[in-house]
Every structure is written in C-alpha cells, then in structure tokens.
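So the chains spell out like this:
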Amino acid sequence: MHEPHPASARRPVIRAWLYVVAALMVLTLVVGGVTRLTESGLSIVEWKPVTGVLPPLSHEAWQAEFAKYREIPQYRELNRGMSVDQFKTIYWWEWSHRLLARLVGAAFLLPFLFFLWRGWIEPGLKARLWTLFGAGAVLGGVGWWMVSSGLAGRVSVSQYRLAFHLTLACVIYAAILWTARGLNAPGAPSVPRRLRLTAAGLAILVLLQIYLGALVAGLDAGLVFNTWPQIDGAWIPSAARLWFESPAWRNLFENALTVQFQHRMMAYALWIVTALHLIDAVRARRGAAVLNGALALFCAVTLQAGIGIVTLLYQVPLPLALLHQITGIAVLTIVVIHAERLSVRSMVAAMPADVGVSNPRGVT
C-alpha cells in the first residue's frame, strides 16, 4: 500500500507555524499603528538590530537615550519641555514595535531552519519561504530607512517611506497567509473565471487603499478636512486646490487635500466593486463557501468605510484611528482568504504525495 511521503504529512505543522507568524505580524502592525498615532516612532534614534533588544536599564541609560532624542527636530519643535517619564511612554511603544518585528523574524527563521534540517519542507515550497524571509529582512531595513527620514530636517517620517513600509508589511502578511492556506487542501471550487479575477483584483485594491491610507496618515491629512460627504466645501474640490503643486504628480503624494480625496474615492470604488462581486457570487450559485466569503468581505469593507467616516468626523481620535487600522487588517485578511479560496491552488498544494525531498534528515 502506497504511503504518503513524510514531507506531505508534515503540512499541518508547517501550516500552523505560518499562521503563528501571520498572527505575530498582525500584532506588530497594530502596535506599529499605535506607535504612529502617538508620534512615538522617532523616540529611538539609532538602529541596533542586536543590542537594541535591551531597553535602558538604569537612570543614566534613560538620560542618555533622552539626550539623543532631544537633538532631533521633533523634540525641539513639538515636544520641547517633555519630561523623562513622558519620553519613556513614547520610547516603550517604539521599542515594543521593534521587539515584535525581531520576534517575527525569529519566529519565522528558527522553525524554518529546523524544518529544512529535518527535511519537512517540500521542494516547491522552499523557494517561496526563502523569498518571504528575504522580504522580511528587507522590511527591517525599510523600517530604519523610514525612521531615519524624520531625524533631520522634519518632525515626522517621510510619508513616502511610511506608505512603502506599511504596504510591504501587508504584502508579506498576505503572502504568508496565502501560502499557509495553499497547504490546506488541493483544488479550488468550480467558479466562473470572472469571480476569481474579481477576488484577486479586490485584494490588489485593498493593498492600494492601505497605501493611500498610509499617505493620509503620513501627512496628517485626516486632521485637515473633517467633513463628509463633502470635502473642502464641495463634492469634488476645485482643480486649483487639487493640483497646485508642481510637477503635478507631487499632488498625489504631498497635497493633503488630494491625498485625502483619492483615499475617499478609492474607498467608494472598493465598496462598489465589493458589492458587485457579492451580487455576482449570489448569481453564480457555487456553494456556501464562495457566497459567505463574498458576503464577509462586503460587510467588512462596509464596516471599515463607516469607521473611517466616523474617525474623520471626530478629527481622528486615537481609539477610532486605531480601530480603523485594525479593521483594515481584518479586511485584508478576509480578501486574501477569499481570493485564495477561489484561486487555482498552487503547485505546492497540488503536489503528488510521493514527490520526495532529497536526503531528508531525521525522517524515517
């Protein structure tokens, strides 16, 4: 009787590990959101990947860290007169965010190396996991690149770098989640091709909206125009207000009105496409899983839009702003699960059970 290759039998363990890493990434994203909202991201002005794990442990060490912070523009222009205890509050948020980022890296790399040593990872999966690890390493460098932009000449980080950092983190999270689900079971539900394409397109739109939202956060654009459904006193702001920067493309990234307006327009477009996708899923009649995924996505996008509107109207209080970010992560999670469910499963999941791994160690 033919028995499955041991590597295939280890898929549930690999899948559970990837889900743990994904959950840690969600926690890191949430803490990163608090760090951004409390303006804590510039409290640590050095990048020490190894020794930075330890926080200041004495009064003298705290004074030294505070002295470094007092040298940057954010302290001089926004927080002059801050006490050491107040500094500790923002320091702990940034330190926690960096610690979680390191924890994500360790939680990925150490089990990954162990699984490789034991021969538990199938050939088709190795390259993907190495790519994910490499992307995570790049993300760490991008994080410092982002922080360094706020240490001289400005009081906050560059919105360009902030948006890139957040979007890259979300792409890595989505890829880990997609990979974990791809190890679940081969095959995909029989659905019209347009449903698959729309689900994948919605995942891309959600990532684009996250990028636009990060630009809004980086420019504090949510604090400037706090009316809805009109913005700047009109349904559509005048061209003179939307496009006064030169060259014109800079308005898309640096004009607070244009950035917030495009974030709103993308929200409307995302809601409409999600609604049409749900209607298409109802008409397709291809099972509860397809319909429930489309319905969950529509409800999540609607909730996210509503929270975004309330957050705007109340001038971005921290609890609502954080809730808006958390629901954004929930929307991304749902759309990735839904799109992956409708996709043609990967070669990894569909791989025959007798495909072997050369010289697996520790496997009998």
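Computed from a predicted structure; not experimentally measured.

Cut-offs and rules
Residues numbered from 1 in each chain as written. Predicted model: local features only at pLDDT ≥ 70, side-chain atom pairs only at ≥ 80, totals over all residues. Heavy atoms only, no water. pLDDT = per-residue confidence, 0-100. Helix = DSSP H or I, 4+ residues; strand = E, 2+ residues; numbered from the N terminus. Contact = heavy atoms within 4.5 Å. Expected span 1.5 Å × (residues − 1). Phe/Tyr/Trp six-rings, centres within 6.5 Å; stacked < 30°, edge-to-face > 60°. Buried < 20%, exposed > 50% of the residue type's maximum accessible area, 1.4 Å probe, protein only. Core = buried A, V, L, I, M, F, W, Y, C linked by side-chain atoms within 4.5 Å. 1 Å grid on protein atoms, 1.4 Å probe; cavity = no way out; pocket = protein on both sides within 12 Å on 5 of 7 lines; lining within 4 Å. Points joined across faces, edges and corners; volume = space filled by probe spheres on them. Nonpolar A, V, L, I, M, F, W, Y, C, P; charged D, E, K, R; others polar.

## A few points about the confidence of the model for the protein chain
Piece 1. The predicted model of the protein chain has a mean per-residue pLDDT of 90, with 91% of residues at 70 or higher.
Piece 2. Averaged pLDDT values for the elements of the protein chain fall to 42 in helix α14 (residues 347-350) and rise to 97 in helix α7 (residues 159-182).
Piece 3. Per-residue pLDDT stays below 50 along residues 346-364; that stretch engages in 42 contacts with residues further than four places along the chain or on separate chains.

## Structural notes on helix α5 (residues 84-118)
Piece 1. Between its first and last C-alpha, α5 extends 49 Å over 35 residues, near the 51 Å set by a 1.5 Å rise per residue.
Piece 2. Within two residues after α5, G119 carries a phi angle of roughly 75 degrees, on the positive side.

## Details of the environment of W144
Piece 1. In this structure, W144 sits in helix α6 (residues 123-148).
Piece 2. Sequence separation between W144 and M265 is 121 residues, and the spatial gap between their C-alpha atoms is 31 Å.

## A short note on the packing of aromatic side chains
Piece 1. Scanning the entire structure with this criterion turns up 26 aromatic pairs.
Piece 2. Note on W17 and F108: the rings are 5.1 Å apart at their centroids and 50 degrees apart in plane angle, and the pair reads as tilted. Of this pair, W17 sits in helix α2 (residues 11-37) while F108 is found in helix α5, placing the two residues 91 residues apart along the sequence. No difference in accessibility class separates W17 from F108, as the two residues are buried.

## Notes on the environment of A300
Piece 1. Topologically, A300 is positioned in helix α12 (residues 288-313).
Piece 2. Using a relative accessible area of 13% as the deciding quantity, one classes A300 as buried.
Piece 3. For A300 and A330, which are 30 residues apart along the polypeptide, the C-alpha to C-alpha distance reads 7.4 Å.
Piece 4. Apart from the residues lying within four places of it in its own chain, the contact partners of A300 are V331 and I334.

## Quick word on the nonpolar core
The nonpolar side chains of soluble globular proteins are, as a tendency, buried together.
Piece 1. Core analysis: the biggest nonpolar cluster contains 47 residues, and W17, L18, L129 and L332 have the highest contact counts within it.
Piece 2. Per-element accounting of this core gives the leading share, 10 residues, to α2.
Piece 3. With residues up to four places along the chain from it excluded, the contact list for L332 reads C170, Y173, V206, L207 and I210.
Piece 4. In this structure, F87, V147, V157 and L162 belong to the second largest nonpolar core, which totals 18 residues.

## Comments concerning the layout of surface pockets
Piece 1. Approximately 230 Å³ is the volume attributed to the second largest pocket.
Piece 2. Listing elements by their share of the lining of the second largest pocket, those giving two or more residues are α3 (59-69) and α5.
Piece 3. Considered class by class, the residues forming the lining of the second largest pocket number 8 nonpolar, 2 polar and 6 charged.

## Brief notes about helix α8 (residues 193-219)
Piece 1. Given a rise of 1.5 Å per residue, 27 residues ought to cover 39 Å, and the 39 Å separating the end C-alpha atoms of α8 matches this to within 8%.
Piece 2. Following α8 by one or two positions, D220 adopts a phi angle in the positive range, close to 55 degrees.

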